[in-house]
Amino acid sequence: MAPHRRNIDDVLARINFPLFSVQMLTNRHVLVGGGGGSSKTGVANGFEIFELSHDGKKFHVEEVTRHETGPNVVMNCTVSKSVDGKHTYLVAGQESHCQLYRVNTQFAPQANGVVESLDSDAPGLRPRTQKPEPTKTPKKRLKFVLNPADSIQTDFKLPEPLCRVVRVHPNRKLMATGGTDGDIRMWKFPSMQPIAKLQAHSKEVDDIDFSTHGNYLVTIAKDGLAVLWDCAKGTEIRRLTWEQPQGSKYLYKRCRFGVVEGEDKSALYMLSNPTGRAKQQKSYLQQWHPLEGIIRKSAEFDESVSALAVRDDGRFVAVGTMFSGSVSVYVAFSLQRVLHISGAHSMFVTGLEFLPVLNQQNHTVCSVAEAAVLSISVDNQVCIHTLPYRKTIPLWLAIVILIVTMFLTFLFCSYIGL
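None of these values were measured; they are calculated from a predicted model. (Residues numbered from 1 in each chain as written. Predicted model: local features only at pLDDT ≥ 70, side-chain atom pairs only at ≥ 80, totals over all residues. Heavy atoms only, no water.)

Here we look at the overall build of the chain
Step number 1: Helices and strands together make up the secondary structure of the chain, namely 2 helices and 30 strands.
Step number 2: The 418 residues of the chain split such that 52% are buried.
Step number 3: Across the chain, every contact between residues at least 6 apart in sequence was considered, and the portion connecting residues at least 24 apart equals 53%. (Helix = DSSP H or I, 4+ residues; strand = E, 2+ residues; numbered from the N terminus. Buried < 20%, exposed > 50% of the residue type's maximum accessible area, 1.4 Å probe, protein only. Contact = heavy atoms within 4.5 Å.)

Dropping the structure here:
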């Protein structure tokens, strides 16, 4: 049974604007984006970057960068390195345009070599616990500077065009965007030069994702379609359909590719919600074989689901819900639930992101748990949820137990004359 828990220590930070996107900028730096939009509400729009640490008991964050984007709310974003790995880029969907940022780093001196916890007094954060005593740290701290570069219009549906989603291919050379006009636009990355337009959907796009292996792109939209594409050729491979419960209609909500553990293959995970009169039906997390167009496994939910993430090594999948603001973590291979946090947020979950585990030369903050996932919501909170290492029996002990069991079985059989 998956553990159920809700702890105030799960809350890392409270921002002064609603949150819509979360990304890992580095192994230890978390970037969140959102805002209140262009209306004159006084709610800011922009990004916050935090450094994540662990004191042996719980996680902490410290704000290192705040970047406001004026009247443009950050609805979605993605982080990618350059092909040579020397530069970091941030691409954000802001209204009808997609904005490219060059992410530069610098070391900022700290007064007297002392840094105070920003859980209490940092701009944009509200006090959560009693202010801890200042602790000495190195006199220099890594800072990030977001330098705006090119901005391109990616959606053209009037009267209110909106870039709904942006993704960068794992090869770091290709970018795809989708918006309310239903078209998928392909761009060179990071030059932002147009390549092709896929007339994919008749209604607004909800999500897109590139596969880790192969040149595959999946797109889902409010027209009810899920389409698998060859993004190198710009051609449709197949439409992903399934036999829905009788008398019901489902819409795909989120899609993410993962890797099949131990294999050079891709798996596809999708969220599906019932609509209209079918809202009493279950919602689903589905594991697809994308090329064969079949569902391998599925997990049920009693409410609509809103957010999805797959860890970089393909071992775990996280799902956020709409009404209860809950977060669940599943083993990707079997879709067995291993962690459930009921009411992680007071409103619907808008984004999830696992702490990375691949390509780590040193121990990271994730090494304190088997898995750790960040969650955000329009309740302005950034939370973290950890899956403790599950207890296993050592191999030598299992062998001893087996031998003892066999010996006792032999004695018993001898005693009864078998």
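Focus: the UniProt feature "repeat: WD" (unreviewed entry) in the chain
Step number 1: Residues annotated in UniProt with the feature "repeat: WD" (unreviewed entry) correspond here to residues 166-197 and 198-239.
Step number 2: End C-alpha to end C-alpha, residues 166-197 measures 14 Å, and it is 0% helix and 56% strand. (UniProt positions renumbered as here; feature names shortened; annotations may be inferred.)

Things to note about unusual backbone geometry
Step number 1: Leu158 connects to Pro159 through a cis peptide bond whose omega is 5°.
Step number 2: With respect to the helices and strands, Pro159 occurs in the loop between strand 11 (140-153) and strand 12 (163-168).
Step number 3: Residue Pro190 is reached from Phe189 by a cis peptide bond, and omega for that bond is 5°.
Step number 4: Along the chain, the position of Pro190 falls in the loop between strand 14 (184-188) and strand 15 (194-198).
Step number 5: With phi around 65°, Met192 is a residue other than glycine that occupies positive phi space.
Step number 6: By the secondary structure assignment, Met192 is in the loop between strand 14 and strand 15.
Step number 7: Phi angles above zero are rare outside glycine, and Asn380 is one such case at about 75°.

Overview of the packing of aromatic side chains
Step number 1: All chains considered together, the criterion is met by 6 aromatic pairs.
Step number 2: With a centroid separation of 5.7 Å and an interplanar angle of 80°, the aromatic rings of Trp242 and Tyr284 are classed as edge-to-face. Here Trp242 is found in the loop between strand 19 (235-239) and strand 20 (250-259), whereas its partner Tyr284 is found in strand 22 (residues 283-289), with 42 residues between them in sequence.
Step number 3: Residue Trp242 is classed as buried on the basis of its relative accessible area, which comes to 18%.
Step number 4: Centre to centre, the rings of Tyr250 and Tyr284 are 5.8 Å apart; their planes meet at 40°, and the pair counts as tilted. Here Tyr250 is found in strand 20, whereas its partner Tyr284 is found in strand 22, with 34 residues between them in sequence. (Phe/Tyr/Trp six-rings, centres within 6.5 Å; stacked < 30°, edge-to-face > 60°.)

Notes on the side chain of Asn273
Step number 1: The residue Asn273 is located in strand 21 (residues 266-274) in this model.
Step number 2: The buried category is assigned to Asn273, whose relative accessible area is 9%.
Step number 3: A polar contact is formed between the side chain of Asn273 and the backbone oxygen of Val305, at a distance of 2.9 Å.
Step number 4: Not counting the four nearest positions on each side in its chain, Asn273 is found in contact with Lys249, Tyr250, Leu251, Lys253, Ser283, Ser304 and Val305. (Polar contact = N/O pair within 3.5 Å; in protein donor to acceptor, adjacent residues only side chain to side chain.)

Here's the deal with the pattern of salt bridges
Step number 1: Enumeration over the complete set of coordinates arrives at 16 salt bridges.
Step number 2: Among the ionic pairs, Glu48 bridges to Arg66, the shortest N-O distance being 2.2 Å. In this pair, Glu48 is assigned in strand 4 (residues 45-54) and Arg66 in strand 5 (residues 59-68), connecting sequence segments 18 residues apart.
Step number 3: Linking Arg311 and Asp313 is a salt bridge whose minimum nitrogen-to-oxygen distance equals 2.9 Å.
Step number 4: A residue is classified by how much of its surface remains accessible, and Arg311, at 4% relative accessible area, is buried.
Step number 5: With relative accessibility at 15%, the residue Asp313 sits in the buried group.
Step number 6: Sharing partners across several salt bridges, the network here consists of Arg164, Glu204, Asp206 and Lys222. (Salt bridge = Lys/Arg side-chain N within 4 Å of Asp/Glu carboxyl O.)

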